[in-house]
Amino acid sequence: MSSHIRRSMPLFPIGIVMQLTGLSARQIRYYEEHGLVSPARTEGNRRLFSFNDIDRLLEIKDLIEQGVNLAGIKQIFASRKQAEQPEQPKQPNKSNTPATPKVVKQDLSEEELRELLRTELMQAGRFNRATLRQGDMARFFH
DNA sequence: ATTCTAACA
DNA sequence: TGTTAGCA
């Protein structure tokens with residue numbers, strides 16, 4: 001069984017996640033409201049988190065502690081998603097239009113990822129400065 | 001006993 | 001964010 005399936009399996013209720021992450025239920029639910037995590041739900045509407053969700057929450061916690069606000073975290077996750085699938089294929093281009101040779105990068109080296117992140121954060125700093133950095137973003141440019 | 005949503009001293 | 005109220 002592939003690991004990504006196990007990691008995405010809905011397993012733990014919020015109480016366990018609180019202990020595992022050190023986050024309050026309020027925070028966990030709040031991050032969900034902002035789309036940072038999307039735990040599954042039971043029939044009774046109880047949240048069930050997967051290992052992926054927990055990793056995600058730990059990452060969020062880390063970023064929060066470093067002074068990044070939700071807007072910044074959203075952007076970081078966004079640029080990351082972009083790195084995975086730069087573009088989603090449209091309807092199976094059947095007719096004539098010769099599809100643009102989109103070079104899809106499946107894997108990004110850590111350096112490329114850093115560069116991508118740096119660029120992303122700098123653009124944000126261009127106009128979203130006050131919004132993005134509450135603390136010192138310098139840590140991200142190491 | 002736990003979790004959920006909504007609301008606010 | 002914490003906390004509390006009122007449900008399920």
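Per an unreviewed UniProt entry, chain A carries the name MerR family glutamine synthetase transcriptional repressor and comes from Thermolongibacillus altinsuensis.

A.B. asks: Teacher, can you tell me more about the pattern of salt bridges here?
C.D. replies: Any two side chains of opposite charge can pair, so long as their charged atoms come close to each other. Inspection of the entire model under this criterion finds three salt bridges. Salt-bridge contacts for Arg47 lead to Glu32; the nearest nitrogen and oxygen are separated by 2.2 Å. Taken together, the residues Arg47 in strand β2 (residues 47-48) and Glu32 in helix α3 (residues 25-33) connect sequence positions 15 residues apart. Glu32 gets classed as buried once you look at its relative accessible area, which sits at 17%. Ionic pairing is found between Arg80 and Glu59, a salt bridge with its closest N-O pair at 2.5 Å. Taken as a pair, Arg80 in helix α5 (residues 70-84) and Glu59 in helix α4 (residues 51-65) lie far apart in primary sequence, 21 residues in all. Note on Glu59: relative accessible area 28%, which makes it partly exposed. Through salt bridges with shared partners, a single network forms among Glu32, Arg41 and Arg47.

A.B. asks: Please clarify how the protein's contact with DNA strand C should be interpreted in this entry.
C.D. replies: What surrounds DNA strand C is the set Ser24, Arg26, Gln27, Tyr31, Arg46 and Ile64. Each atom of DNA strand C within 4 Å of the protein belongs either to a base or to sugar and phosphate, the latter forming 33%. Here Ser24 contributes a side-chain N or O atom positioned 2.6 Å from a phosphate oxygen of DNA strand C. The separation between a sugar or linking oxygen of DNA strand C and a polar side-chain atom of Gln27 is 3.1 Å.

Rules behind the numbers
- Residues numbered from 1 in each chain as written.
- Chains lettered and ligands numbered in written order.
- Predicted model: local features only at pLDDT ≥ 70, side-chain atom pairs only at ≥ 80, totals over all residues.
- Heavy atoms only, no water.
- Salt bridge = Lys/Arg side-chain N within 4 Å of Asp/Glu carboxyl O.
- Helix = DSSP H or I, 4+ residues; strand = E, 2+ residues; numbered from the N terminus.
- Buried < 20%, exposed > 50% of the residue type's maximum accessible area, 1.4 Å probe, protein only.
- Near = heavy atom within 4 Å.
- Polar contact = N/O pair within 3.5 Å; in protein donor to acceptor, adjacent residues only side chain to side chain.

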